[in-house]
Amino acid sequence: WEAADFAALYQLLSTEDKTNLTQDAFVERYQTIADGIEAKNVQVAAVDPSAKPTVTDGKAAIPFNVQMDTLAGSVAVSGYIMNLVQETVNNQKVWLVDWSEKLIFPHMDAADKVRARSLTPKRGEILDRSGQALAANGTLTVIGIVPGKFNPVKDTAIPQMAQLLGISEEKIRKVADAATHDDWFYPIVTLSDDAKDLSAQLTAIDGVQYQKAEGRIYPGGEAFGLVIGYIGAITAEELAAHPNEGYSQSDKIGKMGLEQVYEKRLRGTAGGEIYLASSDGQYKEQIALKAPVNGENITRALDMKTQQSVYAVMKNDAGAAAAINPKTGEILALVSTPSFNPNLLQTYVPDATQTAWNEAVKSPFTNRFK
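Conventions we followed
- For every chain, the first residue of the written sequence is number 1, and numbering continues from 1 onward in sequence order.
- Owing to the predicted nature of the model, reporting of local features is limited to residues with pLDDT of at least 70; listing and counting of side-chain atom pairs is limited to 80 or more, with chain, interface and lining totals taken over all residues.
- Side-chain figures throughout are based on the complete set of non-hydrogen atoms in the structure, without hydrogens or water.
- Strands here mean DSSP runs of E at least two residues long; helices mean DSSP runs of H or I at least four residues long; both are numbered from the N terminus.
- C-alpha atoms define the radius of gyration, and 2.2 Å times the number of residues to the power 0.38 defines the globule rule.
- Remark: exposure states derive from per-residue accessible area (1.4 Å probe, protein chains only) relative to the maximum for the residue type, with buried under 20%, exposed over 50%, and partly exposed in between.
- In what follows, residue pairs with any heavy atoms lying within 4.5 Å of each other are defined as contacts.
- Values of accessible area rely on a 1.4 Å probe in the Shrake-Rupley scheme; residue burial ignores everything except the protein chains shown.
- Neither His nor the chain ends is counted toward charge; the positive residues are Lys and Arg and the negative residues Asp and Glu.
- The location of each charge is read from NZ of Lys, CZ of Arg, CG of Asp or CD of Glu.
- Only buried Ala, Val, Leu, Ile, Met, Phe, Trp, Tyr and Cys residues count toward a nonpolar core, and they belong to the same one when joined by side-chain atoms within 4.5 Å.
- The working definition used for a salt bridge is a side-chain nitrogen of Lys or Arg within 4 Å of a carboxyl oxygen of Asp or Glu.
- Only strands that DSSP links by at least two bridges are regarded as paired with each other.
- What counts as an axis is a line fitted to C-alpha atoms, over the stretch in contact for a helix, and the angles between N-to-C directions run from 0 to 180 degrees.
- The scheme is simple: roughly parallel for angles under 35 degrees, roughly antiparallel for over 145, roughly perpendicular for 65 to 115, oblique for anything else.
- Handedness of a crossing is defined here by the sense of rotation of the near helix relative to the far one, left-handed for an anticlockwise turn of less than a right angle and right-handed for a clockwise turn.
- Each residue is assigned to one of three groups, with Ala, Val, Leu, Ile, Met, Phe, Trp, Tyr, Cys and Pro labelled nonpolar, Asp, Glu, Lys and Arg labelled charged, and all others, Gly among them, labelled polar.

**Remarks on the overall build of the protein chain**
Regarding its fold elements, the protein chain presents 13 helices and 16 strands. Computed over the C-alpha atoms, the radius of gyration of the protein chain is 29 Å, more than 25% above the 21 Å expected from 2.2 N^0.38 for a compact globule of 370 residues. In terms of overall dimensions, the protein chain has a C-alpha envelope of 90 × 65 × 30 Å along the principal axes. For the protein chain, the proportion of its 370 residues judged to be buried stands at 39%. Partitioning the contacts of the protein chain with sequence separation of at least 6, the portion at a separation of at least 24 is 65%. Carbon and sulfur atoms form 49% of the exposed surface of the protein chain, whose accessible area is close to 20700 Å². Of the charged side chains in the protein chain, 35 are positive and 45 negative, and the gap between their average positions amounts to 6 Å.

Pasting the structure below:
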């Protein structure tokens with residue numbers, strides 16, 4: 001078990017167990033659970049290594065404990081009992097394991113499932129000198145379709161949605177064509193929570209619905225694009241650049257600006273929970289819990305009004321400007337123009353905006369105060 005050699009583990013099972021359970025099924029179950037809970041550094045030890053088990057009618061029992069590192073932290077599980085039976089194999093008496101799911105976890109029954117889930121911390125917020133949020137956690141609106149209601153009207157609905165959103169019909173059609181369940185919700189785009197008029201127009205179309213989701217909000221908009229930056233889905237290259245730091249393929253990471261500079265302090269530490277679920281999916285027993293640690297809120301010397309005032313004067317030009325308190329050296333504003341609205345990178349980018357970004361002679365993503 002410690003070496004994750006589950007095929008060798010299977011060879012220790014009794015003849016009856018091997019008759020009722022194939023090696024492939026046994027190995028797959030152990031491997032699936034080990035992968036799901038991210039088990040590492042497994043250590044198995046008898047409760048009393050010096051004690052000799054009592055043998056009765058060719059049976060014996062050895063109590064043992066298990067410790068392992070998991071997505072829910074270091075886990076110590078006690079209460080295991082390894083039941084042994086004596087059999088004759090090749091004219092020799094040998095001890096074999098009378099196996100059941102209770103050797104995976106002590107209270108596990110045959111039909112139970114081991115479940116694991118990551119617990120995501122709240123990302124810390126970035127505040128200006130007066131406490132106004134420059135990067136905050138808030139609510140976004142996810143617009144999507146329910147195929148059973150949408151498909152009958154999709155020939156007229158898709159052009160209508162595309163026009164309202166400013167995106168190609170093809171983007172919507174790809175989602176609709178790939179949808180396989182009539183009653184499921186399939187996301188199309190994400191809107192800021194204040195785009196209520198647009199949301200209302202879209203959801204008036206048959207089969208178009210919305211869901212609320214947590215997301216990142218940048219109240220300063222374009223004025224702070226280059227200095228605050230934004231977060232986005234982590235790439236394979238970024239995963240490789242941050243080994244053993246707890247990132248997964250589904251995480252988001254600071255891409256530029258202060259979101260990137262203060263990534264370690266803002267992201268917090270993920271937690272996790274491992275539990276048993278019964279055959280009908282009901283929560284049965286918690287095995288381990290590691291609470292997430294939320295990220296740190298960071299206050300900077302920047303001033304929202306000063307930054308916006310400088311940006312308003314410069315936004316039609318290409319350049320950089322800083323407003324600095326000469327007595328303290330505090331930076332009250334740090335502007336680079338042209339800029340971009342980081343909120344679009346948390347919701348969706350209309351085709352016209354994407355084209356403008358791509359064709360810009362002076363890129364809004366070039367940091368000119370570097």
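**Describing the nonpolar core**
Ranked by internal contacts, the top residues of the largest apolar core, which has 30 residues, are Tyr30, Trp99, Phe105, Val114 and Ile287. Looking at this core, the elements with two or more residues in it are α1 (6-10), α3 (23-36), β2 (59-70), β3 (73-89), β12 (271-277) and β13 (283-290). Judged by nonpolar contacts, the second largest core, of 25 residues, contains Ile126, Phe224, Val227 and Ile231.

**Considering the pattern of salt bridges**
The tally for this structure, following the rule as stated, stands at 16 salt bridges. Two residues, Glu330 and Arg129, come together in a salt bridge whose shortest N-O distance is 3.3 Å. Here Glu330 is found in the loop between β15 (319-324) and β16 (331-337), whereas its partner Arg129 is found in the loop between β6 (126-127) and β7 (133-145), with 201 residues between them in sequence. Across the salt bridge formed by Arg265 and Glu296, the nearest N and O atoms sit 2.7 Å from each other. Residue Arg265 is found in helix α11 (residues 263-267), and its partner Glu296 is found in the loop between β13 and β14 (298-299); the two are separated by 31 residues along the sequence. The exposure class of Arg265 is partly exposed, given its relative accessible area of 37%. Each member of the salt-bridge network shares a partner with another, and the members are Lys102, Asp109, Asp112 and Lys284.

**Quick look at the sheet that holds β13**
Within the open sheet, the three strands sit side by side as β5-β12-β13. Their pairing is antiparallel. The open sheet has two edge strands, β5 (113-119) and β13, and neither has a second partner. Neighbour-to-neighbour, the strand axes of the sheet open up by a mean angle of 20°, direction not taken into account. In terms of strand pairing, β5 meets β12 through seven bridges, oriented antiparallel. Bridging from a neighbouring strand, Arg117 pairs with Glu273 of β12.

**Some points on the packing of helix α5 (residues 154-165) against helix α6 (residues 169-178)**
It is at 8 Å that the axes of α5 and α6 come closest, and there the two elements cross at 135°. In terms of their interaxial angle, α5 and α6 are classed as oblique. The two elements α5 and α6 meet at a crossing, and its hand is right-handed. Residues Lys154, Ile158, Pro159, Met161 and Ala162 of α5 form the contact with α6, whose participating residues are Glu169, Ile172, Arg173 and Asp177. Classifying every residue of the contact of α5 with α6 by side-chain character gives five nonpolar, no polar and four charged.

**Here we look at the sheet that holds strand β1 (residues 40-46)**
The four strands are arranged β1-β2-β3-β4 in an open sheet whose pairing can be described as antiparallel. The open sheet has two free edges, formed respectively by β1 and β4 (92-97), since each of these has just one partner strand. Neighbouring strand axes in the sheet, compared pairwise and without regard to direction, differ in orientation by 30° on average.

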